[in-house]
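Analysis of the macromolecular model
The lines below spell out each chain.
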Amino acid sequence: MDDIEHELTQLYLGLNNLSPLSRKSWEQAIPFFKKISLQEGNLLIQAEDTVEHMYFMTQGIARYYYLTLEGKEFNKSFSIPGNVVSSISSLVLKVPSPFYLQCLNECSFLSIEFKDFDFLTNDNMQFAQLGLRMLEKLAIKKEQRESDFLLLDATQRYEQFLEEYQNISDKIANYHIASYLGISEVTLSRIRRSLNLT
């Protein structure tokens, strides 16, 4: 089994776990997927580009970030294998992406054009249900992120980060984590000391 076949099988198992997807339905989708491999530091999505693909991550760690006019970066989120990455506003509204997506190490993705995924959701009820489950998962994550910023202090947000990203937290630079938490790297170091993590 070559790389893409293995990754397609892993993707099928993950999607089927999210929402039931028969082998027949999956075989309908396979021809639409292409593999993309990127090196550390490469950008999958650039701000101001109109995004036309959905990317299912199969390897690596990536970050979504915003860039201000003054050149300051703000991390929006991190992505790990099993996540789908894209810009929903760009896909649906045909407008430029407001953020970048950068690989923090070597990454692989299975990409599918949004128009093809849209075709599948309109043609196949199982893909329609899958699309709904994916949107629900995204909405829940966004709601949790908003409530964390409004209701938790910096230490609690860091503890929440460690829980959510427990398998990769030690692979992400502290300055990226601090940006994601909305605090300075100095504050993060102080929190880590208080938690006996340094």
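In this report, we go over the structure that sits alongside the text. All figures in this text were calculated on a predicted structure; none of them were measured in a lab.

A separate point is the pairing of strand β8 (residues 107-113). For β8, a buried count of six out of seven residues is recorded, marking the element as mostly surrounded by other parts of the structure. Pairing geometry for strand β1 (residues 34-38) and β8, over five bridges, is antiparallel. Residue pairing across strands places Lys35 opposite Leu110, the latter belonging to β8. Here strand β3 (residues 53-59) runs beside β8; their pairing, made up of six bridges, is antiparallel. Residue Met57 lies in a different strand from β8, and its bridge partner there is Phe109.

We now examine the environment of Gly60. Mapped onto the elements, Gly60 comes out in the loop between β3 and β4 (62-67). Considering only alpha carbons, one finds Gly60 and Thr155, 95 residues apart in sequence, at a separation of 27 Å.

To summarise the sheet geometry, strands pair through backbone hydrogen bonds and adopt either a parallel or an antiparallel arrangement. One open sheet accounts for four strands, arranged β1-β8-β3-β6; its pairing is antiparallel. A strand with exactly one partner marks an edge of an open sheet, and here the two such strands are β1 and β6 (84-85). Pairing analysis gives two bridges linking β3 to β6, with the strands arranged antiparallel. What sits directly across from Tyr55, in β6, is Val85. Its contacts with the sheet put helix α1 (residues 3-18) on β1, β3 and β8, and the angle it makes with β8 is roughly 70 degrees.

To continue, consider the sheet that holds β4. Read across the open sheet, the four strands follow the order β2-β7-β4-β5; overall the sheet is antiparallel. Edge positions in the sheet fall to β2 (43-45) and β5 (73-79), since each has one partner strand and no second. Between one strand axis and the next, the sheet turns by 30 degrees as a mean value, whatever way the strands run. As defined by bridge partners, β4 adjoins strand β7 (residues 100-103) across four bridges and the pair is classed as antiparallel. Looking at the pairing, Tyr65 lines up with Tyr100 of β7. Running over the sheet, helix α7 (residues 174-181) touches β4 and β5 and is turned about 100 degrees from β5.

Rules behind the numbers
- Residues numbered from 1 in each chain as written.
- Predicted model: local features only at pLDDT ≥ 70, side-chain atom pairs only at ≥ 80, totals over all residues.
- Heavy atoms only, no water.
- Buried < 20%, exposed > 50% of the residue type's maximum accessible area, 1.4 Å probe, protein only.
- Helix = DSSP H or I, 4+ residues; strand = E, 2+ residues; numbered from the N terminus.
- Pairing = 2+ DSSP bridges.
- Contact = heavy atoms within 4.5 Å.
- Axes fitted to C-alpha atoms, helices over the stretch in contact; angles between N-to-C directions.

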